[in-house]
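A structural walkthrough
Chain by chain, the residues run as shown.
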Amino acid sequence: MPFYQRLGDVPRKRHVQFRENGTLLTEEVMGLEGFVGNESILYHLQSPCRVMELAGFEPIERDEWVPDQHAHRHFHTYGVEPEGDEITGRRTLMWNNDVEVSLCRPSERMDYFFRNGEGDEVIFVHEGSGMLETIFGEVPYKDGDYVVIPRGTTYRFAPDGPQRYLVFETPGLIEIPKRYRNAYGQLLEGAPYYHRDIHPPTRLNTVREKGEFPVKVRVRGGYQTYVLDYHPFDVVGWDGYLYPWTFSIHDFEPITGRIHQPPPSHQTFQGQNFVICSFCPRKLDFDPLAVPIPYHHSNLQSEEMIYYVSGNFGSRRGVEVGSITLHPSGLPHGPQPGLAEKAIGMHETSELAVMCDTFHPLKLSTFARDLDDGRYAYSWYENAQDTGAGVDDASGAGLTSHL
Ligand SMILES: [Fe+2]
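Residues numbered from 1 in each chain as written. Predicted model: local features only at pLDDT ≥ 70, side-chain atom pairs only at ≥ 80, totals over all residues.

**A short note on the overall build of the protein**
Within the protein, the secondary structure is distributed over 3 helices and 28 strands. Taking 22 Å as the expected radius of gyration for a compact globule of 403 residues, we find that the protein reaches 23 Å, a close match to that expectation. Overall, the C-alpha framework of the protein stretches about 80 × 45 × 35 Å when taken along its three principal axes. Per-residue burial over the protein gives 39% buried out of 403 residues. In the protein, the share of contacts with a sequence separation of at least 24, taken over all contacts with a separation of at least 6, comes to 78%. (Helix = DSSP H or I, 4+ residues; strand = E, 2+ residues; numbered from the N terminus. Rg over C-alpha atoms; globule rule 2.2 N^0.38 Å. Buried ≥ 20, exposed ≤ 12 C-beta atoms within 10 Å, placed from the backbone. Contact = placed C-beta atoms within 7 Å.)

Shown next as structure tokens:
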């Protein structure tokens, strides 16, 4: 999506004869928005429609938890046991019509290929590294990467060791915020990242292999499996604007100010009625009178979900690596008691966190219920006598500078 790419062999012009050893190759235009959106053109050894067997359809079933009370929540996720693979191991925490947020700690290797036929995906790699093998080529990934996979991409994970992901799936498009781009699509000087920070597939590996190859496709609220008689990675070349890519959270250049900068300054991606933001280590607000942590806010039309990746979260009692706080719409939230006073004069933070703000309410799963600490809603009350919670480093390195 971010810019034009080309891997392997493609003919001089589109839609003309392209042969290998005399055999006409199959040209596939994979595109968005009815031939007027971004697209890529792929050249296959075999027709991608050549289905040998229509196998089973598994509907996606969700166990919704409807809490008795509307309240701020805190979920502890770090201790979740590994389960399933990179697809079956996705356990949905919260969702609405625009986005689904899941945790995934796979324990098995995928013995099939997967394609999301009804949504884009962003997989934040909290822990782990490996190779995302795709029809567009190999996409290496490592911890801290956002792996962005457009719908229609057939892929399989080849992980290297234990993995821990936060997964976003959306029926809309994952895009680079429009305000970061000029009219030609180039990232602006003021944007917090540049094209060099975006990593497309590195190598196209054309597989010429007959056999039985299951491809599981997410469609119509479930997973339909097709069995192909030829390896799905039979592409000899492709070009275009649609392909999977990675962007490291460590390459996000934080924007700081003399006084507090609002969350949109941390925006990394835009989705359909939601945003994904990266909170990275940075200098804090430097005006002598600045209060370097957020003001209380009632973000009345948003649900704010924050996943804590690494850093010292001493300023927020009970928050640890893998914690997720959810501040739902309609309620104010802000720093814990005493923290604003304590934070004055602090000049940096070492936190790393991923935030997803949705513009419509999120539903919760029973999986989330089981991870809910049940007390977070009272934390502004119970800590009312504290003076700065656990902040004991005058530099502010233990400060959580967003809420
Ligand atoms: Fe907030």
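**Regarding the sheet that holds strand 27 (residues 352-358)**
Reading across the sheet, the 6 strands line up as 8-25-24-27-22-21 and stay open at both edges, with antiparallel pairing between neighbours. Looking at strand neighbours, the two that pair on one side only are strand 8 (73-76) and strand 21 (267-271), the edges of this open sheet. Neighbouring strand axes in the sheet, compared pairwise and without regard to direction, differ in orientation by 15 degrees on average. Pairing of strand 21 with strand 22 (residues 274-279), which is carried by 4 bridges, proceeds in the antiparallel orientation. (Pairing = 2+ DSSP bridges. Axes fitted to C-alpha atoms, helices over the stretch in contact; angles between N-to-C directions.)

**Examining the nonpolar core**
In this structure, Val-122, Val-147 and Ala-353 are the most contacted members of the largest nonpolar core, which totals 74 residues. Top contributing element to this core by residue count: strand 15 (residues 154-170), with 6 residues. Setting aside anything within four residues of it in sequence, one finds Val-122 in contact with Tyr-146, Val-148, Phe-168, Ile-174, Phe-269 and Ile-276. If you look at the next biggest cluster of nonpolar residues, it comprises 5 residues, including Leu-284, Ile-293, Ala-343 and Met-346. (Core = buried A, V, L, I, M, F, W, Y, C linked by C-beta atoms within 7 Å.)

**Some thoughts on the pairing of strand 20 (residues 245-248)**
For strand 14 (residues 145-149) and strand 20, the ladder comprises 4 bridges, and the chain directions are antiparallel. Pairing of Asp-145 across the sheet is with Ser-248, part of strand 20.

**Focus on the pairing of strand 6 (residues 51-59)**
Among the 9 residues of strand 6, 0 are classified as buried, and the element is accordingly described as predominantly exposed. Strand direction decides the pairing type here: strand 6 and strand 18 (residues 222-230), joined by 6 bridges, are antiparallel. Of the residues in strand 18, the one forming a bridge with Glu-58 is Tyr-223.

**Section: unusual backbone geometry**
At His-15, a position not held by glycine, the phi torsion is positive, near 65 degrees. Mapped onto the elements of the fold, His-15 is located in the loop between strand 1 (5-8) and strand 2 (19-20). Although it is not a glycine, Arg-220 adopts a positive phi angle of roughly 50 degrees. Looking at the element boundaries, Arg-220 is found in the loop between strand 17 (210-219) and strand 18.

**Here we look at the sheet that holds strand 5 (residues 39-44)**
Pairing within the open sheet is antiparallel, and its 4 strands lie in the order 1-19-5-4. Bordering the open sheet on either side are strand 1 and strand 4 (26-31), each of which pairs with just one other strand. Recorded for the sheet is a direction-independent mean angle of 15 degrees between the axes of neighbouring strands. Two strands pair when backbone bridges link them, and strand 4 and strand 5 are joined in this way by 6 bridges, in the antiparallel orientation. Bridging from a neighbouring strand, Glu-27 pairs with Tyr-43 of strand 5.

**Concerning the environment of Pro-332**
Relative to the assigned elements, Pro-332 resides in the loop between strand 25 (323-327) and helix 1 (339-343). On a C-alpha basis, the gap between Pro-332 and Leu-300 in space is 8.1 Å, while along the polypeptide they are 32 residues apart. Leaving out residues up to four positions away in the same chain, Pro-332 has contacts with His-296, His-297 and Ser-298.

**Details of the environment of Thr-246**
Tracing the sequence through the fold places Thr-246 in strand 20. Placed 105 residues apart in sequence, Thr-246 and Tyr-141 show a C-alpha to C-alpha distance of 7.1 Å. Ignoring any residue separated from it by four or fewer positions in sequence, one finds Thr-246 in contact with Val-139, Tyr-141, Asp-145, Tyr-146, Val-147 and His-199.

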